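Listed below are the residues making up each chain.
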Amino acid sequence: MNNIVAIVGRPNVGKSTLFNRLIKRREAIVDSVSGVTRDRNYGKSEWNGKEFSVIDTGGYIRGSEDVFEAEIRKQVELAIDEADVIIFVVDVEEGITPMDDTVAKLLRKVTKPVLLAVNKVDNAMREKDAIEFYNLGLGEYYTFASISGSGTGDLMDALIDAFPEKPQPTQEEIELPRFAVVGRPNAGKSSFINALIGKERFMVTDIAGTTRDAIDTKFDRFGFEFNLVDTAGIRRKAKVKEDLEFYSVMRSVRAIEHADVCILIIDATRGFEGQDQSIFWLAEKNRKGVVILVNKWDLVEKDTMSTRDYEAKIREELMPFTDVPILFVSALTKQRLLKALEATVQVFEARKQRIPTSKFNDYMLKVIEGYPPPALKGKYVKIKYCMQLPTATPQFVFFANLPQYVKEAYKRFLENKIRENWDFSGVPIDIYIREK
């Protein structure tokens, strides 16, 4: 599982610029998720062969200047809890500000690695000015210029060195599927897990996960056996506001990257909100299986909203990835919980299924013959061969004479045809067009 890096600091010091530079370091593995906030806030990066996830806390801070300090304090506290390494960005042009002092005071109390990154250092004079930041009491600092990229290499080297060693999962942990229970605060994650586990505690063993706070609960009931990755109640802080999206996303990143299938629990009384969407797309971008459980369905007035209308509304928000199981449950009354487990297991099986190349070609080449890619500039695209790639998640390659002329709309058509003939419900699919 990837390490998580949180970029913290007061507004306008260059956090987002550094974030953008990090996630574009290697284009092939860049994944950015746009939530309901104004900025991109989650991505993946790589340096010297090591992949890691990056959280830009700046994307979550809302409001006028007078509330910034309180918001930053919340972000830093959550980053301290959830990240493996923290990059604290400051601005050499403005020097140490009272807000920098506040953040530094919080960071001095933690045992996690903190990298002090002094931004906008693009000449020798500013290198001398940066010495002032020793006064923050965080030890060594790293100078860089986020716009030009100068100095970021040294910062990244230090970052990789600061990552903690991750213990290797045991053979049992590798073999058992991992299902992560994710969702916004108070959606009913704890109730769902407690309802599954029940009072027969002897059937549950706690297995230490790969991090201090990701605990796998081994589940073995009703003919199912898997590890349940619990994000509910992990070091919950009373001071963290319930409506803070950062809370949901930070807690979910670690669990999602550690899972095979994500069980996204939403509150039926609140609807499919921005935080739910952020977590859903986080799972989709990480190519994880997804099952959506609409919890507290027993509290909804059925006269005003039927399951069909409610489901249609959710699928509209999920477009274009609408082939996702949606179940209406109640953790309180245990309504449809077994069906939810069955659906999750089905998604897990679908995610690892392999389609024989001969069968895949027999079906897909007939589809393509009946509806070939549109001609472009008088040139016709011909696809003569296709196959499923030997990857952990479903990926398919189609070999064509002019792959550059195959547009996204036709890729979606191919994906839809694959889903029509094979069960990939809840599983993201990748389609590649390559030159034959």
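Quick notes on the rules
- Residues numbered from 1 in each chain as written.
- Predicted model: local features only at pLDDT ≥ 70, side-chain atom pairs only at ≥ 80, totals over all residues.
- Heavy atoms only, no water.
- UniProt positions renumbered as here; feature names shortened; annotations may be inferred.
- Salt bridge = Lys/Arg side-chain N within 4 Å of Asp/Glu carboxyl O.
- Helix = DSSP H or I, 4+ residues; strand = E, 2+ residues; numbered from the N terminus.
- Buried < 20%, exposed > 50% of the residue type's maximum accessible area, 1.4 Å probe, protein only.
- Expected span 1.5 Å × (residues − 1).
- Arc of directions from axis to C-beta.
- Axes fitted to C-alpha atoms, helices over the stretch in contact; angles between N-to-C directions.
- Parallel < 35°, antiparallel > 145°, perpendicular 65-115°, else oblique.
- Left-handed = near helix turned anticlockwise from the far one by under 90°.
- Contact = heavy atoms within 4.5 Å.
- Nonpolar A, V, L, I, M, F, W, Y, C, P; charged D, E, K, R; others polar.
- Pairing = 2+ DSSP bridges.
- Right-handed = clockwise from strand over helix to strand, strands pointing away.

Under an unreviewed UniProt entry, the chain has the name GTPase Der and belongs to Flavobacterium arsenatis. One UniProt comment on the chain, placed under Function (unreviewed entry), says "GTPase that plays an essential role in the late steps of ribosome biogenesis." Recorded in UniProt for the chain, the comment headed Subunit (unreviewed entry) runs: "Associates with the 50S ribosomal subunit."

(A) Region of interest: the pattern of salt bridges. For the coordinates displayed, the defined rule picks out 17 salt bridges. In this structure, the salt-bridge partner of Arg-351 is Asp-260, at a minimum N-O distance of 3.6 Å. Linking Arg-351 in helix 11 (residues 337-351) with Asp-260 in the loop between helix 8 (245-257) and strand 11 (261-267), this pair joins segments that are 91 residues apart in sequence. The class for Arg-351 is buried, based on a relative accessible area of 10%. Between Lys-352 and Glu-349 there is a salt bridge, with the nearest N and O atoms lying 3.8 Å from each other. For Lys-352, a relative accessible area of 47% translates into the label partly exposed. One salt-bridge network, in which partners are shared between bridges, spans Arg-10, Glu-94 and Asp-100.

(B) Seen up close, helix 10 (residues 307-318). The terminal C-alpha atoms of helix 10, which comprises twelve residues, lie 16 Å apart, in line with the 16 Å expected from a rise of 1.5 Å per residue. Burial in helix 10 covers these residues: Tyr-310, Ile-314 and Leu-318. The arc enclosing the buried residues of helix 10, seen along the axis, measures out at 80°, which places them on a common side. Exposed side of helix 10, more than 90 degrees from the buried face: Arg-308, Lys-313 and Glu-316 are the residues found there.

(C) Looking closely at the packing of helix 12 (residues 357-370) against helix 13 (residues 408-421). At a minimum axis separation of 11 Å, helix 12 and helix 13 run at an interaxial angle of 135°. With respect to helix 13, the element helix 12 is oriented oblique. Crossing of helix 12 against helix 13: the hand is right-handed. Seen from helix 12, the contacting residues are Phe-360, Tyr-363, Met-364, Val-367 and Ile-368; seen from helix 13, they are Tyr-410, Phe-413, Leu-414, Lys-417, Ile-418, Glu-420 and Asn-421. When grouped by side-chain class, the residues that make up the contact of helix 12 with helix 13 number nine nonpolar, one polar and two charged.

(D) Geometry of the sheet that holds strand 2 (residues 42-47). Spatially, 2-3-1-4-5-6 is the arrangement adopted by the six strands of the open sheet, whose pairing is mixed. Looking at which strands have only one partner, the edges of the open sheet turn out to be strand 2 and strand 6 (141-143). Neighbour-to-neighbour, the strand axes of the sheet open up by a mean angle of 30°, direction not taken into account. Sheet analysis places strand 1 (residues 3-8) next to strand 3 (residues 50-56), joined by five bridges and oriented parallel. From the neighbouring strand, Val-5 faces strand 3, where its bridge partner is Val-54.

(E) Inspection of unusual backbone geometry at higher detail. For the bond from Met-319 to Pro-320, the omega torsion is 10°, close enough to zero to count as cis. Position of Pro-320 among the secondary structure elements: in the loop between helix 10 and strand 13 (326-328). Here Lys-334, not a glycine, exhibits a phi torsion of approximately 65°, which is positive. Mapped onto the secondary structure, Lys-334 falls in the loop between strand 13 and helix 11.

(F) Geometry of the pairing of strand 15 (residues 395-400). Counted residue by residue, strand 15 has five buried out of six residues, so it is predominantly covered. Relative to strand 15, strand 14 (residues 383-388) runs antiparallel, the two being bridged by five bridges. When the sheet's bridge partners are listed, Met-387 is paired in strand 15 with Val-397. Linkage of strand 14 to strand 15, two consecutive antiparallel strands, is achieved through a turn of six residues. Pairing of strand 15 with strand 16 (residues 430-435) involves six bridges; the strand directions are parallel. Among the inter-strand pairings, Gln-395 is bridged to a residue of strand 16, identified as Asp-430. The parallel pair strand 15 and strand 16, bridged by helix 13, forms a crossover whose chirality is right-handed.

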